[in-house]
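Given next are the chains, with one letter for each unit.
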Amino acid sequence: MSMIGEYLRVTAVELDRAIQNPVWALDFVEEVEDREEESTPTPAEARRFSTYKTWDMLRFLLARTGFPVNVIHGEEPFAEDEDWGYGPPRYLRPERVRLAAQSLLTVTYDRLIDDVDRADLTKAAVYPQGWDGPGALEWGRHWYGGLTQFFEAAAAADDAMLIWLD
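Residues numbered from 1 in each chain as written. Predicted model: local features only at pLDDT ≥ 70, side-chain atom pairs only at ≥ 80, totals over all residues. Heavy atoms only, no water.

> Break down the pattern of salt bridges for me, citing the residues and quoting the values.
Pairing between side chains of opposite charge can happen when their charged atoms approach one another. In total, this model carries eleven salt bridges according to the counting rule given. R48 is the salt-bridge partner of E33, the closest N and O atoms lying 3.9 Å from each other. Taken together, the positions of E33 in helix 2 (residues 22–39) and R48 in strand 2 (residues 48–52) put the pair 15 residues apart, joining distant regions of the chain. By relative accessible area, which is 27% here, E33 ends up partly exposed. In this structure, E75 and R96 form a salt bridge, with 2.8 Å as the shortest nitrogen-oxygen distance. Here the residue E75 occupies a position in the loop between helix 3 (55–64) and strand 3 (76–77), and R96 occupies one in helix 4 (residues 94–106), the gap between them amounting to 21 residues. Among the residues examined, R96 registers a relative accessible area of 25% and is labelled partly exposed. (Salt bridge = Lys/Arg side-chain N within 4 Å of Asp/Glu carboxyl O. Helix = DSSP H or I, 4+ residues; strand = E, 2+ residues; numbered from the N terminus. Buried < 20%, exposed > 50% of the residue type's maximum accessible area, 1.4 Å probe, protein only.)

Here it is in structure tokens:
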């Protein structure tokens, strides 16, 4: 099995409902997933996004920059008795999504990987392992670009974000 970083943009009303009713939230995630599977929107158009298996690589790289928002795991817990794959989900409020979007725009992928040695990822046991290949650091570029676009669109809409590992 793989561990996949997952995101869902939600309105403030939907966030409140998700916090009060985590079962509804998971059903809503599945509903959006089904809908978007058919239409395959761009990250800027999507309500649901995945960083695939790059989530831990991106966590490692962002942590090196002192990134101000935990965009990989979320910051506030909810549904703590629920398991959405690999533990309970967390969320970011709209003001944290805005800060994350602004920060993602200022931290380019080139800056993220500047002075990173692939051995650093191996030594830190960054999931999913296998960092010895010459293009290993480039693997996350596409996913980071999509994450940036996704957060930009969420911030523009004043959305919150549900975040979990599946």
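Let us keep going from here.
> An account of the packing of helix 4 against helix 7 (residues 141–156) is needed here, citing residue identities and associated values.
Relative placement of two packed helices is described by the angle separating their axes and the distance separating the axes. The interhelical angle for the contact between helix 4 and helix 7, taken along N-to-C directions, is 140 degrees, at an axis separation of 8 Å. Classified by the angle between their axes, helix 4 and helix 7 sit oblique to one another. Here helix 4 and helix 7 pass one another in a crossing that is left-handed. Here V97, R98, A100, A101, L104 and L105 of helix 4 come into contact with helix 7, specifically with Y144, L147, T148, F151, E152, A154 and A155. Partitioned by chemical class, the residues of the contact of helix 4 with helix 7 number ten nonpolar, one polar and two charged. (Axes fitted to C-alpha atoms, helices over the stretch in contact; angles between N-to-C directions. Parallel < 35°, antiparallel > 145°, perpendicular 65-115°, else oblique. Left-handed = near helix turned anticlockwise from the far one by under 90°. Contact = heavy atoms within 4.5 Å. Nonpolar A, V, L, I, M, F, W, Y, C, P; charged D, E, K, R; others polar.)

Keep in mind these numbers describe shape, not what the thing actually does.
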